[in-house]
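Summary of structural features
Chain residues, written in single-letter form:
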Amino acid sequence: EDQVTQSPEALRLQEGESSSLNCSYTVSGLRGLFWYRQDPGKGPEFLFTLYSAGEEKEKERLKATLTKKESFLHITAPKPEDSATYLCAVNRAQKLVFGQGTRLTINP
Amino acid sequence: GAGVSQTPSNKVTEKGKYVELRCDPISGHTALYWYRQSLGQGPEFLIYFQGTGAADDSGLPNDRFFAVRPEGSVSTLKIQRTERGDSAVYLCASSKGAGGSYEQYFGPGTRLTVT
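Residues numbered from 1 in each chain as written. Chains lettered and ligands numbered in written order. Predicted model: local features only at pLDDT ≥ 70, side-chain atom pairs only at ≥ 80, totals over all residues. Heavy atoms only, no water.

As for the packing of aromatic side chains
Worth spelling out the cut-off: Between rings of Phe, Tyr and Trp, where Trp is taken as its six-membered ring, a pair exists when centres lie within 6.5 Å; planes separated by under 30 degrees are stacked, by over 60 edge-to-face, and by other angles tilted. Comment: elements are numbered from the N terminus, with helices defined as DSSP H or I runs of at least four residues and strands as E runs of at least two. Accessibility here uses a 1.4 Å probe with only protein chains present; expressed as a share of the type maximum, an area under 20% marks a residue as buried, one over 50% as exposed, and anything in between as partly exposed.
Per the stated rule, a full pass over the model turns up 10 aromatic pairs over all chains. Ring centres of tyrosine 36 of chain A and phenylalanine 106 of chain B lie 5.4 Å apart, and the angle between their planes is 90 degrees; this geometry places the pair in the edge-to-face category. Residue tyrosine 36 of chain A is found in strand β4 (residues 33-38), and its partner phenylalanine 106 of chain B is found in strand β10 (residues 105-106); the two belong to separate chains. Note on accessibility: tyrosine 36 of chain A and phenylalanine 106 of chain B belong to one class, buried. Between phenylalanine 98 of chain A and tyrosine 35 of chain B the ring centres are 5.9 Å apart and the planes differ by 85 degrees, which places this aromatic pair in the edge-to-face class. With phenylalanine 98 of chain A in strand β10 (residues 95-98) and tyrosine 35 of chain B in strand β4 (residues 31-37), this residue pair bridges two chains. A relative accessible area of 10% places phenylalanine 98 of chain A in the buried class. In textbook terms, an aromatic cluster arises when at least three aromatic residues are bridged by ring pairs, as seen for Tyr36, Phe46 and Phe98 of chain A together with Tyr33, Tyr35, Phe45, Tyr48, Tyr105 and Phe106 of chain B.

Let's talk about the state of the cysteines
Residues and elements named next belong to chain A. Note the following rule: Two cysteine sulfurs form what is called a disulfide whenever their separation falls within 2.5 Å.
Counted according to the given criterion, the structure contains two disulfides over all chains. At a sulfur-sulfur separation of 1.9 Å, the disulfide partner of cysteine 23 is cysteine 88. Between cysteine 23 and cysteine 88, the S-S torsion sits near 75 degrees, and that sign places the bridge as right-handed. Of this pair, cysteine 23 sits in strand β3 (residues 19-26) while cysteine 88 is found in strand β9 (residues 84-92), placing the two residues 65 residues apart along the sequence.

What to know about the interface of chain B and chain A
Which entries qualify depends on this criterion: Here, residues are in contact when the closest pair of their heavy atoms is within 4.5 Å. Here a salt bridge means any side-chain nitrogen of Lys or Arg lying within 4 Å of a carboxyl oxygen belonging to Asp or Glu. Contacts described as polar in this section are N or O atom pairs within 3.5 Å, which, within protein, must combine one atom able to donate a hydrogen with one able to accept it, while residues neighboring in sequence count only if both atoms come from side chains.
Across the contact, 23 residues belong to chain B and 20 residues belong to chain A. For the pair chain B and chain A, the number of links is one salt bridge. Summed over the shared surface of chain B and chain A, the result is six residue pairs in polar contact (both at pLDDT 80 or more). For the side of chain B that touches chain A, the elements supplying multiple residues, two or more each, are β4, β5 (44-50) and β10 of chain B. Of the residues forming the side of chain B that touches chain A, the biggest block, three residues, is contributed by β4 of chain B.

Put into structure tokens, the structure is as follows:
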């Protein structure tokens, strides 16, 4: 059965303190790994799609990487506005299977 | 352009009542998905449509849940005889097509509370 596990569940950082979020997955035949950002009371906002091991994508202070078993979301010099829950998901037969998310808080 | 919209944003209902949740996808998107999100959890798949037909309804928890998309655009999720365990945020998403190469774009959700 396809599974997605994210760690840590919650992470508090000081502004400017870089770190990484982890997404471990088990899926038969990866058809895409997705990262979303979710603010309280809102729907998930699409960030990245990765398809093959070794692929990397960047957007502002965020960089997503992919291996055969996990994906990392690296956050460089974060700002308070980066505070949100970050969700990863894998595509399984056209539907997304999500992890439980990492709740990130950036303190000024 | 306009994103996915959902109405109502909040719905409070009594146990045993019937509710309808509406989703307006992004114009031109042929695939539409419904997910349910409980507090502190990631969204869980319920059903998806490709055009007017339900291509996969394997995530619907039981026969009290039903969804339609009669004209291939707007979709309605219907819940009969609501139970307190149905309380959650119901999210709708749409994509240009079905498949891993198409990103799913989510609406703001409908928060359903069953009292």
